[in-house]
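If you want the building blocks of each chain, they are given just below.
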Amino acid sequence: MESLIFYELYGKPSKNYAMKKMILPIRYALALSGCLIAYFLLLALMGLHTNPVFSFVNAAISAFGIYAAIKSYKLEQGNEFDYSKGFTVGILTGFISTLIFTIFFAFYATELDKDFLPALLETVDREYDDSIGIISFVVAIMGFATSVVITLTCMQLFKKSHNVGQQENLLEHNREDDLAS
């Protein structure tokens, strides 16, 4: 029973089906995290990486990367594009890039620039714990939240519209199906 449903939804499965499904989000996540890391290092060269205001640009970079991943997936799928699958591509792209960037952030703060964390914490209230674990956790949570919001926003652009023009086409298609029955 499960295999019949699987064949109807996805076609004939291949040995590497799960990996093929993940290639697009991984590819875009690597590019996105590379851009986020490059932007962070550019800020570090200018001495601006301790100012949290510049992290708003991270959201714009993430928005572009997630949008590009979903758009690529939609172009690949054509009429088979589904909201939930497009949403999954966006979330996976955002979450994977967030994990990669968070690992880089922790490595940078602990190995490359030991003065970074104290300098960063001077710009915010000093009542917080200044351990790298807590700061990395906050970076990850901010990245995950941004990914969810951006994916939801992007999917509004890609979802099938309920506009009158599309409804008319849908009604014509349904009439043809009824006549064929």
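Basis of the calculations
Residues numbered from 1 in each chain as written. Predicted model: local features only at pLDDT ≥ 70, side-chain atom pairs only at ≥ 80, totals over all residues. Heavy atoms only, no water. Helix = DSSP H or I, 4+ residues; strand = E, 2+ residues; numbered from the N terminus. Expected span 1.5 Å × (residues − 1). Buried < 20%, exposed > 50% of the residue type's maximum accessible area, 1.4 Å probe, protein only. Contact = heavy atoms within 4.5 Å. Phe/Tyr/Trp six-rings, centres within 6.5 Å; stacked < 30°, edge-to-face > 60°. Axes fitted to C-alpha atoms, helices over the stretch in contact; angles between N-to-C directions. Parallel < 35°, antiparallel > 145°, perpendicular 65-115°, else oblique. Left-handed = near helix turned anticlockwise from the far one by under 90°. Core = buried A, V, L, I, M, F, W, Y, C linked by side-chain atoms within 4.5 Å.

Here helix α6 (residues 132-158) is 27 residues long and its end C-alpha atoms lie 38 Å apart, about the 39 Å a rise of 1.5 Å per residue gives. Looking at α6, one finds that the buried residues are I135, S136, V139, A140, G143, S147, I150, T151, C154, M155 and F158. The inward-facing, buried residues of α6 abut α3 (56-77), α4 (83-112) and α5 (116-122).

For the structure on display, the rule yields nine aromatic pairs. For the ring pair F40 and F101, a centre distance of 6.1 Å and an interplane angle of 75° mean the geometry is edge-to-face. Placement of F40 in helix α2 (residues 17-46) and of F101 in helix α4 is noted, with a sequence separation of 61 residues between them. A ring pair is formed by F40 and F104, whose centres lie 5.7 Å apart and whose planes are at 85°; its orientation type is edge-to-face. In this pair, F40 sits in helix α2 while F104 sits in helix α4, placing the two residues 64 residues apart along the sequence. The class of F40 is buried, set by a relative accessible area of 8%. Residue F104 is classed as buried on the basis of its relative accessible area, which comes to 13%. Among the aromatic residues, those joined into a cluster by ring pairs are F40, F101, F104, F105 and Y108.

As a packed pair, α3 and α6 sit with axes 9 Å apart at the nearest point and diverge in direction by 45°. In this view, α3 runs oblique relative to α6, as classed from their interaxial angle. Note on packing geometry: the crossing formed by α3 with α6 is right-handed. In this structure, α3 uses A59, S62, A63, I66, Y67, I70, K71 and K74 to contact α6, whose residues at the interface are T146, S147, I150, T151, C154, M155, L157 and F158.

Relative to the elements of secondary structure, A63 occurs in helix α3. Excluding residues within four positions of it along the chain, A63 makes contact with I150 and C154.

Counting 30 residues, the largest nonpolar core has F40, I70, F101, F105 and F116 as its most contacted members. Of all the elements in the fold, those that place two or more residues in this core are α2, α3, α4, α5 and α6. With eight residues, α2 is the single largest residue contributor to this core. What F116 contacts, discounting residues up to four positions off in sequence, is F40, H49, T50, F105, Y108 and A109.

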